[in-house]
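The primary structure of each chain is shown beneath.
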Amino acid sequence: FPIDITFKSTNPFGWPQIVLSVYGPDFFGHDVVRGYGAVHVPFVPGRHKRTIAMFVPESTSRLQQFTSWFTGRRPEFTDPKVVAQGEGREVTRVRSQGFVTISFNVM
């Protein structure tokens with residue numbers, strides 16, 4: 001999807017990121033998360049292509065896995081900052097879930 005945004009900054013700390021949340025239907029037709037990922041927006045003019053590794057949170061126990069499968073409610077993040085910052089994410093169990101490729105045209 002084309003996005004037109006203008007940013008101005010004096011330093012790159014906290015530079016803008018695009019956070020992706022991909023959803024899709026499961027076996028029962030429930031809309032569930034298929035992956036999360038984030039990438040920093042390039043600041044050098046030109047065409048840039050970025051491949052984002054997607055990941056999905058997992059339940060920590062067999063009972064939680066069965067309950068989430070049975071009810072159709074899988075683990076997901078409620079705050080997109082968790083994906084963008086990464087702080088505290090080392091204690092979250094996740095599974096790799098493919099890739100998404102994004103093209104940037106920076107002027």
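First things first, this report covers the structure right here in the doc. (Residues numbered from 1 in each chain as written. Predicted model: local features only at pLDDT ≥ 70, side-chain atom pairs only at ≥ 80, totals over all residues. Heavy atoms only, no water.)

Some remarks on the overall build of the protein
The helix and strand inventory of the protein stands at 2 helices and 4 strands. Going residue by residue from the N terminus, the α and β elements of the protein occur as β-β-β-α-α-β. By residue count, 25% of the 107 residues in the protein fall in the buried class. In the protein, the share of contacts with a sequence separation of at least 24, taken over all contacts with a separation of at least 6, comes to 58%. Carbon together with sulfur atoms contributes 57% to the accessible area of the protein, which is approximately 8,400 Å² in total. (Helix = DSSP H or I, 4+ residues; strand = E, 2+ residues; numbered from the N terminus. Buried < 20%, exposed > 50% of the residue type's maximum accessible area, 1.4 Å probe, protein only. Contact = heavy atoms within 4.5 Å. Areas by Shrake-Rupley, 256 points an atom, 1.4 Å probe, with all protein chains shown as cover.)

Comments concerning the environment of Ala-53
Following the sequence through the fold, Ala-53 ends up in strand S3 (residues 46-57). For the pair formed by Ala-53 and Gly-98, sequence separation is 45 residues and the distance between their alpha carbons is 6.2 Å. Setting aside anything within four residues of it in sequence, one finds Ala-53 in contact with Tyr-36, Gly-37, Gly-98 and Phe-99.

Here we look at the pairing of strand S2 (residues 31-40)
The pairing of strand S1 (residues 17-25) with S2 spans 9 bridges and is antiparallel. Paired with Ser-21 across the strands is Tyr-36, a residue of S2. Here S1 folds back onto S2 in antiparallel fashion, the turn holding 5 residues, of which Gly-29 has a positive phi close to 90°. (Pairing = 2+ DSSP bridges.)

Points about the nonpolar core
Of all hydrophobic cores here, the largest spans 9 residues; its members are Trp-15, Leu-20, Val-39, Val-41, Ile-52, Met-54, Ile-102, Phe-104 and Val-106. Elements represented by at least two residues in this core include exactly S3 and strand S4 (94-106). In terms of residue count, S4 provides more of this core than any other element does, 3 residues in total. Residues within four places of Ile-52 in sequence aside, it is in contact with Leu-20, Gly-37, Ala-38, Val-39, Gly-98, Phe-99, Val-100 and Ile-102. (Core = buried A, V, L, I, M, F, W, Y, C linked by side-chain atoms within 4.5 Å.)

Observations regarding a nonpolar patch on the surface
A surface patch of nonpolar side chains, amounting to about 690 Å² of accessible area, comprises Phe-27, Phe-28, Phe-66, Trp-69 and Phe-70. Looking at where Phe-28 falls in the secondary structure, it is placed in the loop between S1 and S2. Overall, Phe-28 belongs to the partly exposed group, its relative accessible area being 45%. (Patch = residues over 30% accessible without salt bridge, like charges linked within 9 Å, V, L, I, M, F, W, Y side chains within 5 Å. Salt bridge = Lys/Arg side-chain N within 4 Å of Asp/Glu carboxyl O.)

Topic: the environment of Arg-50
Within the secondary structure, Arg-50 sits in strand S3. For Arg-50, a relative accessible area of 31% gives the class partly exposed. Note: C-alpha distance between Arg-50 and Ile-102 (52 residues apart in sequence) is 5.3 Å. Contact partners of Arg-50, with chain neighbours within four places excluded, come to Val-39, Pro-42, Val-100, Thr-101, Ile-102 and Phe-104.

So, to be careful, I would describe these as geometric facts and stop short of saying anything about function.
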